[in-house]
Amino acid sequence: MSWPRLFPLIISTFILAATARALDICLPTSNDALLRPGGDADYFQPTVEGTVESGMFGCVRSKGRRFHEGIDIKCLQRNRRGEPTDPVHAVADGKVAFINTKPGLSNYGRYIVLQHNWDNVSVCTLYAHLSEVAAGLVVDQPVKKGQIIATMGHSTNTREGIARDRAHLHFEINFLLNPDFHIWYPKHDPQAPPFGNFNGKNLIGLDPAAFLRAYADNRKVNFAEYVSKQPIAFTALVGARPLPWLTLHPEQVQPASGIPVAYEIAMTTWGLPVMVWPRTAQELGGPQRRLLQRGRPLVQRVNEAELAQATCHELVKRNSRGNGWMLSESGRECFELLTYTP
Ligand SMILES: [Zn+2]
């Protein structure tokens, strides 16, 4: 083959290789109002409170006092009995990590967790309140983007339930906090349901609507970079030792200037770690090093403006002397789970 004829082949091979590396994502249902200007009311299913915001991610429940870890996507199709029939799609290639077929065990009801690799970041997507899991779908099975994995429903284990007319898909994009959660959690709750690592308490997410819109705007968006740009609310130091989060998310660990004695972990208001800086003895004061040796995480930096944005978490609070910050009880629990090794 001559060079002029070979050239288009080389170019198209290059383009294919480049596109293979880019993220390939679709919406979780056929409802695409998310991507239409002014489409929020057609996309987000409100709670009984009735506001569109109550179906979004964040401190949107109970007048801003309660956190919603995902988004609630409105139903478009119903059968004659009024039951939702919208197919639920895998948003990207990946594999089935977990399926809960017993709705009575979780407020997610019947739910599926898929695992993906997005720009070398290990990430999960979660699909909840399903009426049915696709026939034959099993854990570890590979799935393709757009594959039907379930049918929308209103399953849950809460006393009040989800009314049929409010049927929706609860969708999350999240990360496993700790691969040894299945050992940690039963010690805290002997009644723990048999969900292994795929209990909602071990999954920490980011706003799926914001990410899906960012992706629609720019298909070349890099997921690792996107996560690193989530707003940092505070940082805390933990003593340097092998931490599961660092193994799961090496992309977050910044270069070290020497042998680290601590890791400074940056978190969003809701406790998603987004960046980790190894800190050497020279970078820390003596009192800090002594406190860290006692094994307690120490709040290092606080972004008060960011904390004020979302007051439903309070992972950090002012200390009793009022001259600094400390982790709250839920903040300590968050770090205990993040740093636990059996
Ligand atoms: Zn929800």
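Thresholds applied
Residues numbered from 1 in each chain as written. Predicted model: local features only at pLDDT ≥ 70, side-chain atom pairs only at ≥ 80, totals over all residues. Helix = DSSP H or I, 4+ residues; strand = E, 2+ residues; numbered from the N terminus. Buried ≥ 20, exposed ≤ 12 C-beta atoms within 10 Å, placed from the backbone. Contact = placed C-beta atoms within 7 Å. Pairing = 2+ DSSP bridges. Core = buried A, V, L, I, M, F, W, Y, C linked by C-beta atoms within 7 Å. Domains from an automatic or database assignment. Axes fitted to C-alpha atoms, helices over the stretch in contact; angles between N-to-C directions. Nonpolar A, V, L, I, M, F, W, Y, C, P; charged D, E, K, R; others polar. pLDDT = per-residue confidence, 0-100. Arc of directions from axis to C-beta.

Chemist: Even after reading the chapter, I still don't get the environment of Leu-315, so can you show me in this structure?
Modeler: Its location among the elements puts Leu-315 in the loop between α8 (304-309) and β17 (316-318). Judged by the 23 C-beta atoms lying within 10 Å of it, Leu-315 falls in the buried class. For the pair Leu-315 and Leu-327, spaced twelve residues apart in sequence, the C-alpha to C-alpha distance is 5.9 Å. Contact partners of Leu-315, with chain neighbours within four places excluded, come to Gly-271, Leu-327, Ser-328, Ser-330, Gly-331 and Cys-334.

Chemist: What exactly am I supposed to notice about the pairing of strand β6 (residues 110-118) here?
Modeler: The side chains of a regular strand alternate, first on one face of the sheet and then on the other. Most of β6 is tucked away, with seven of its nine residues classed as buried. Pairing geometry for strand β5 (residues 94-100) and β6, over five bridges, is antiparallel. Residue pairing for β6: Lys-95 is matched across the bridge by Gln-115. Here β6 runs beside strand β7 (residues 121-130); their pairing, made up of eight bridges, is antiparallel. By the bridge assignment for β7, Trp-118 is matched with Val-121. Here β6 folds back onto β7, and the loop between the two strands holds two residues, one of which, Asp-119, carries a positive phi near 50 degrees.

Chemist: Quick question: what am I supposed to make of the nonpolar core here?
Modeler: Where a protein is soluble and globular, its nonpolar side chains tend to be buried together. With 76 residues, the main nonpolar core has Ile-112, Leu-126, Tyr-127 and Leu-130 as its most contacted residues. If you tally residues by element for this core, the top one is β7, at six residues. Residue assignment places this core across two domains, with domain 1 (33-217) and domain 2 (230-339) each supplying three or more.

Chemist: How do you make sense of the sheet that holds strand β16 (residues 298-302) when you look at a structure like this?
Modeler: Strand pairing in a sheet relies on backbone hydrogen bonds. The paired strands run either parallel or antiparallel. Judged by pairing direction, the sheet is antiparallel, and its four strands sit side by side in the order β15-β14-β13-β16 without closing on themselves. Both edges of this open sheet fall to β15 (273-280) and β16, since each of them pairs with a single strand only. Between one strand axis and the next, the sheet turns by 25 degrees as a mean value, whatever way the strands run. Relative to strand β13 (residues 234-239), helix α7 (residues 286-293) is tilted by about 65 degrees, and along the sheet it contacts β13, β14 (260-267) and β16.

Chemist: I would appreciate a short explanation of the domain arrangement of the chain in the present structure.
Modeler: The figure often quoted for interface size is the accessible area lost as the parts come together. Looking at the chain, the domain boundaries give domain 1 (33-217) and domain 2 (230-339). Measuring from the centre of the C-alpha atoms in domain 1 to the corresponding centre in domain 2 gives 28 Å. Listed by partner, the interface residues are 18 residues for domain 1 and 13 residues for domain 2. At the level of elements, β1 (58-61), β2 (66-68), β7, α3 (181-188) and β12 (203-206) are the ones that each hand at least two residues to the side of domain 1 that touches domain 2. Counted by class, the side of domain 1 that touches domain 2 contains ten nonpolar, five polar and three charged residues.

Chemist: Would you explain the sheet that holds strand β8 (residues 132-133) in this entry?
Modeler: In space, the three strands of this open sheet follow the order β4-β10-β8, with antiparallel pairing throughout. Strand pairing shows two members of the sheet lacking a second neighbour, β4 (87-89) and β8, which therefore form its edges. Of the strand pairs in this sheet, β8 and strand β10 (residues 148-151) are connected by two bridges, and their pairing is antiparallel. Paired with Val-133 across the strands is Ala-150, a residue of β10.

Chemist: Teacher, can you tell me more about unusual backbone geometry here?
Modeler: Negative phi characterises most residues that are not glycine, and trans characterises most peptide bonds. One non-glycine residue, Asn-120, adopts positive backbone phi at about 65 degrees. Relative to the assigned elements, Asn-120 resides in the loop between β6 and β7. For Glu-314, which is not a glycine, the phi torsion comes out positive at approximately 50 degrees. Along the polypeptide, Glu-314 turns up in the loop between α8 and β17.

Chemist: Whenever I open this one, the confidence of the model for the chain confuses me. Can you help?
Modeler: When pLDDT drops low, the exact placement of atoms in the prediction is not to be read closely. When the pLDDT values of the chain are averaged, the result is 90; 94% of them are 70 or greater. Predicted confidence is poor over residues 1-20, with pLDDT under 50, and the contacts of this stretch with residues over four places away or in other chains come to one contact.

Chemist: Is there a simple way to explain α7 in this structure?
Modeler: Note: α-helices contain 3.6 residues per turn, so residues at a spacing of three or four share the same orientation. Within α7, only zero of the eight residues are buried, leaving the element largely exposed. Trailing α7 by a residue or two, Gly-295 shows a phi angle of about 90 degrees, which is positive.

Chemist: When you look at helix α4 (residues 208-217) in this model, what are you seeing that I'm missing?
Modeler: Taken together, the buried positions of α4 are Pro-208, Ala-209, Phe-211, Leu-212 and Tyr-215. The arc enclosing the buried residues of α4, seen along the axis, measures out at 165 degrees, which places them on a common side. For α4, the secondary structure elements touched by its buried residues are β3 (71-74), β11 (168-176), β12 and α5 (223-228).

Chemist: What am I meant to see in the pairing of β11 here?
Modeler: Most of β11 is tucked away, with eight of its nine residues classed as buried. In terms of strand pairing, β3 meets β11 through four bridges, oriented antiparallel. Across the sheet, the residue bridging to Lys-74 is His-168, located in β11. With five bridges connecting them, β7 and β11 associate as antiparallel partners. Paired with Ala-128 across the strands is His-170, a residue of β11.

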